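Here's the letter readout for the chains.
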Amino acid sequence: MSGHDHSHDHDHSELSDIELRVRALETLLTEKGYIDPPALDELIETYETKIGPKNGARVVARAWADPDYRDRLMKDATAAIAEFGFTGRQGEHMVAVENDETTHNMVVCTLCSCYPWTVLGLPPVWYKSPPYRSRAVRDPRGVLDEFGVHLPEEKEIRVWDSTAEVRYLVIPERPHGTHGWSEDRLAELVTRDSMIGTGLALDPAKRETAA
Amino acid sequence: MNGAQDLGGQMGFGPIELEDNEPNFHAAWEERAFALTLAMGATGSWTIDTSRFARESLPPADYLSSSYYEIWTKGLEKLLLDKELVTAEELKQGKALGPAKPVARVLTAETVAPVLAKGGPADREQEQPARFRVGDRVRTKRMHPETHTRLPRYARDAEGVIEVIHGVHVFPDSNAHGKGEQPTWLYSVAFKGTDIWGEDSDPKLTLRIDLWEPYLDIA
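This is a predicted model, so every value here is computed, not measured.

Calculation notes
Residues numbered from 1 in each chain as written. Chains lettered and ligands numbered in written order. Predicted model: local features only at pLDDT ≥ 70, side-chain atom pairs only at ≥ 80, totals over all residues. Helix = DSSP H or I, 4+ residues; strand = E, 2+ residues; numbered from the N terminus. Buried ≥ 20, exposed ≤ 12 C-beta atoms within 10 Å, placed from the backbone. Domains from an automatic or database assignment. Contact = placed C-beta atoms within 7 Å. Nonpolar A, V, L, I, M, F, W, Y, C, P; charged D, E, K, R; others polar. Core = buried A, V, L, I, M, F, W, Y, C linked by C-beta atoms within 7 Å. Pairing = 2+ DSSP bridges. UniProt positions renumbered as here; feature names shortened; annotations may be inferred. Axes fitted to C-alpha atoms, helices over the stretch in contact; angles between N-to-C directions. Parallel < 35°, antiparallel > 145°, perpendicular 65-115°, else oblique. Left-handed = near helix turned anticlockwise from the far one by under 90°.

Trainee: Hey, could you run me through the overall build of chain B in this one?
Mentor: Summing up its helical and strand segments, chain B has eight helices and five strands in all. When the elements of chain B are put in sequence order from the N terminus, they spell out α-α-α-α-α-α-β-β-α-β-α-β-β. Taking the principal axes of its C-alpha atoms as reference, chain B extends roughly 55 × 45 × 35 Å. Counting the 219 residues in chain B, one finds 41% classified as buried.

Trainee: Honestly, the domain arrangement of chain B in this entry has me stumped. Any pointers?
Mentor: Interface size is commonly expressed as the accessible surface area that is lost when the partners come together. Residues and elements named next belong to chain B. Domain assignment breaks chain B into domain 1 (28–118) and domain 2 (137–218). Relative to domain 2, the C-alpha centre of domain 1 lies at a distance of 28 Å. With five residues of domain 1 at the interface, the matching set in domain 2 holds four residues. Taken together, the residues that form the side of domain 1 that touches domain 2 break down as one nonpolar, two polar and two charged.

Trainee: Before we go on, may I ask you to explain the nonpolar core in this structure?
Mentor: By size, the foremost hydrophobic cluster in this structure holds 76 residues, and its most contacted members are A:Val60, A:Ala77, A:Val108, A:Val159, A:Leu169, A:Val190 and B:Leu211. The biggest single contributor to this core is helix H3 (residues 53–65) of chain A, with six residues. In this structure A:Val190 touches A:Ala57, A:Val60, A:Ala61, A:Pro172, A:Met195 and A:Ala201, once residues within four positions along its chain are discounted. Counting residues in hydrophobic clusters, the runner-up holds 37 residues, among them A:Leu29, B:Ala39, B:Leu76 and B:Val112.

Trainee: Explain the interface of chain A and chain B here, please?
Mentor: Each partner contributes residues to the interface: chain A has 63 residues there, and chain B has 71 residues. Per element, the largest residue contribution to the side of chain A that touches chain B is 12 residues, and it comes from helix H1 (residues 17–32) of chain A. Taken together, the residues of the side of chain A that touches chain B sort by class into 31 nonpolar, 10 polar and 22 charged. In this sheet, strand E4 (residues 205–212) of chain B lies alongside strand E3 (residues 156–161) of chain A in parallel orientation, the contact comprising five bridges. Across the sheet, residue A:Trp160 finds its bridge partner in E4(B), namely B:Arg208.

Trainee: Would you take a moment to explain the UniProt feature "domain: Nitrile hydratase alpha/Thiocyanate hydrolase gamma" (unreviewed entry) in chain A for this structure?
Mentor: The UniProt entry lists residues 17–198 of chain A under the feature "domain: Nitrile hydratase alpha/Thiocyanate hydrolase gamma" (unreviewed entry), expressed in the numbering used here. With 49% helix and 13% strand, the stretch residues 17–198 of chain A has end C-alpha atoms that lie 35 Å from each other.

Trainee: Looking at this structure, I do not really get the packing of helix H2 (residues 48–56) of chain B against helix H4 (residues 68–82) of chain B. What am I missing?
Mentor: A packed helix pair is summarised by two numbers, namely the angle formed by the two axes and the spacing between the axes. Residue and element names in this part refer to chain B. Where H2 meets H4, the axes come as close as 8 Å, and the angle between the chain directions of the two elements is 115°. By the angle class used here, H2 and H4 are roughly perpendicular. You can see that H2 and H4 cross each other, and the crossing is right-handed. Residues Thr 50, Ser 51, Ala 54 and Arg 55 of H2 form the contact with H4, whose own contacting residues are Ile 71, Trp 72, Gly 75, Lys 78 and Leu 79. Considered class by class, the residues forming the contact of H2 with H4 number four nonpolar, three polar and two charged.

Trainee: How should I be thinking about the pairing of strand E2 (residues 159–169) of chain B in this particular structure?
Mentor: Regular strands place side chains that alternate from one sheet face to the opposite one. Residues and elements named next belong to chain B. Of the strand pairs in this sheet, strand E1 (residues 137–140) and E2 are connected by three bridges, and their pairing is antiparallel. By the bridge assignment for E2, Arg 139 is matched with Glu 159. Across seven bridges, the pairing between E2 and strand E3 (residues 184–192) is antiparallel. Among the inter-strand pairings, Gly 167 is bridged to a residue of E3, identified as Leu 186.

Trainee: What is the right way to read the UniProt feature "domain: Nitrile hydratase beta subunit-like N-terminal" (unreviewed entry) in chain B from this model?
Mentor: Mapped onto this numbering, the UniProt entry annotates "domain: Nitrile hydratase beta subunit-like N-terminal" (unreviewed entry) at residues 1–110 of chain B. With 47% helix and 0% strand, residues 1–110 of chain B has its two end C-alpha atoms placed 38 Å apart.

Trainee: I tried to follow the sheet that holds E3(B) on my own but got confused; where do I start?
Mentor: Paired through their backbone hydrogen bonds, the strands of a sheet run either parallel or antiparallel. Pairing in this open sheet of seven strands is mixed, and the strands run E2(A)-E3(A)-E4(B)-E3(B)-E2(B)-E1(B)-E5(B) from one edge to the other. Edge positions in the open sheet fall to strand E2 (103–108) of chain A together with strand E5 (216–218) of chain B, since each of these has one partner strand only. Going across the sheet, the axis of each strand differs from the next one's by a mean of 35°, ignoring polarity.

Trainee: Sorry if this is basic, but what is going on with the UniProt feature "domain: Nitrile hydratase beta subunit" (unreviewed entry) in chain B here?
Mentor: Mapped onto this numbering, the UniProt entry annotates "domain: Nitrile hydratase beta subunit" (unreviewed entry) at residues 121–217 of chain B. Overall, residues 121–217 of chain B shows 9% helix and 35% strand. The separation of its end C-alpha atoms is 27 Å.

Trainee: Whenever I open this one, the environment of B:Gly198 confuses me. Can you help?
Mentor: Residues and elements named next belong to chain B. By the element assignment, Gly 198 lies in the loop between helix H8 (193–197) and E4. Overall, the presence of 8 C-beta atoms within 10 Å leaves Gly 198 in the exposed class. Along the sequence, Gly 198 and Glu 19 sit 179 residues apart, while their C-alpha atoms lie 33 Å from each other.

Have a look at this one:
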């Protein structure tokens, strides 16, 4: 170990290559007039605070609580999701796929990172990375094991590879012991991973024990 | 193209790295790289298919050793150069050395919400009937274009069944390369795991892949 014990200036001297590269790009594109930096701030703010998996959880909770809504969602998910005002980029053509006693659905994009932004926000790093993208289509049961999800051997695992502009939202099975719950309460059981198919909805019994 | 992006079925990448309470961005530069890519996309200088091709045509070693937003940054630089919106020297110096090229629009803070809410639907008018019906057995083509395609390698020359007819959608294989949208029918095709991976496949695995008509023949 060498004895570098002086303090570094992290704002200047230690910018990595990629930080410098992105900073240079932003400066250049701003000077050219192709971009307006406040729009960049607004884009970041939108996905940090407004668009995320809480949107999808509301959709799933309503599908559980309201059979008519569930039917509309299964028939035309884009329109049913638009009832919440969730529309647009990376959610233009939505399809809902429902888990049940015999089938478990799981979504991947082996070719890039297609993901239903309108209901789930931006994808986590693992979803975009080679280990998941390579294995989800060939060994989904092994993948699910790593997520702590162990399904009965007789259950069909249906893997959706998002190769087009169609985006898939998994509707997890409604947990037992939630009869009569409000949509707000149900939504708290719906995790991001349960809507990708790499998780299940939270079990209310276990939640209460944990709390 | 058979680039590093076509990951389905590849082996040896190790376990999935999970992170509790993962943030959207792991560094400030990732936020900017994300927003720069979206804002430049909004100028209308290229299509989403062109931008996917820019990323997947990075040299495989570079693609696989780059983080996600590094790939986006490198893809964006390629697009800017290809469309002659900037020069290599400008990228190097990080400043404008000549006049800008006109672009269709510039995204402003006020237009972010409406532009995102509108999105970019890929469905188009139906001008000719669909060649396949639900339940038809089809075989995917054996093909290896050096250009953009959304037929993954693992699903080529494989037999499946038409399960859903999505409608007529922009054809990425042409749209990525400035050859127009050439809208064509898009289907959800169901495959058995064993028909893709052979007898070692999980017998209870099935796959659904969205495939355009030119990728398919009657089985």
